[in-house]
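Geometric and topological summary
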Amino acid sequence: MTDQELNRAVQYVTASTSYARETVADILKTGLGELTVMATQSTRQFEREALLEYISQWTIKRTGQPEPLVREVLGCAGRWLDEVYDEITKRQPEIIGQSSNDDEDTEPV
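Report follows, based on the coordinates. (Residues numbered from 1 in each chain as written. Predicted model: local features only at pLDDT ≥ 70, side-chain atom pairs only at ≥ 80, totals over all residues. Heavy atoms only, no water.)

What about the nonpolar core?
Leu-28 and Val-73 are the most contacted members of the largest nonpolar core, which totals 23 residues. Counting only elements with at least two residues in this core, the list comes to helix 1 (3-16), helix 2 (21-41), helix 3 (48-63), helix 4 (67-76) and helix 5 (78-91). Examining the composition of this core, we find that 8 residues originate from one element, helix 2, more than from any other. (Core = buried A, V, L, I, M, F, W, Y, C linked by side-chain atoms within 4.5 Å. Buried < 20%, exposed > 50% of the residue type's maximum accessible area, 1.4 Å probe, protein only. Helix = DSSP H or I, 4+ residues; strand = E, 2+ residues; numbered from the N terminus.)

Details of the pattern of salt bridges
Tallied over the entire structure, the rule returns 2 salt bridges. The salt bridge partner of Glu-67 is Arg-71, with a shortest N-O separation of 2.8 Å. With Glu-67 and Arg-71 both in helix 4 and 4 residues apart, the pair spans about one turn of that helix. The partly exposed category is assigned to Arg-71, whose relative accessible area is 30%. (Salt bridge = Lys/Arg side-chain N within 4 Å of Asp/Glu carboxyl O.)

Comments concerning the side chain of Ser-56
As for its placement among the helices and strands, Ser-56 is situated in helix 3. Once residues lying within four places of it in the same chain are set aside, the contact partners of Ser-56 are Val-70, Arg-71 and Leu-74. (Contact = heavy atoms within 4.5 Å.)

Some details on the packing of helix 3 against helix 4
A pair of packed helices is characterised by two quantities: the angle between their axes and the separation of those axes. Interaxial distance between helix 3 and helix 4 falls to 10 Å at its minimum, and their mutual angle equals 130°. Between helix 3 and helix 4, the angle is such that the two are oblique. The way helix 3 lies across helix 4 gives a crossing that is right-handed. Residues Glu-53, Ser-56, Gln-57, Thr-59, Ile-60 and Thr-63 of helix 3 form the contact with helix 4, whose participating residues are Glu-67, Val-70, Arg-71 and Leu-74. When the residues that make up the contact of helix 3 with helix 4 are grouped by side-chain class, the tally is 3 nonpolar, 4 polar and 3 charged. (Axes fitted to C-alpha atoms, helices over the stretch in contact; angles between N-to-C directions. Parallel < 35°, antiparallel > 145°, perpendicular 65-115°, else oblique. Left-handed = near helix turned anticlockwise from the far one by under 90°. Nonpolar A, V, L, I, M, F, W, Y, C, P; charged D, E, K, R; others polar.)

Encoded structure:
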């Protein structure tokens, strides 16, 4: 995810919620940053829901923001989170147990 894509996600979530841009940006940068680290450093396989739950919990602890706020912000940014997840599966399919030639229309495991 590029800075431009992250900024679009922040704008979208800020417009969709009543939260300040700085709060939204902090949550998204933190959550997506950890997701990126996991994608580049982890050799474990994760199911999509487990991975997103971990990212939510990690972001809550890291930002100190209340759980409902973090979950709402990450939920609103679901479109961008799904794009990052899809990019990870293309670059490192072994992380989630898919082969790189799986059909793109199939839902991740």
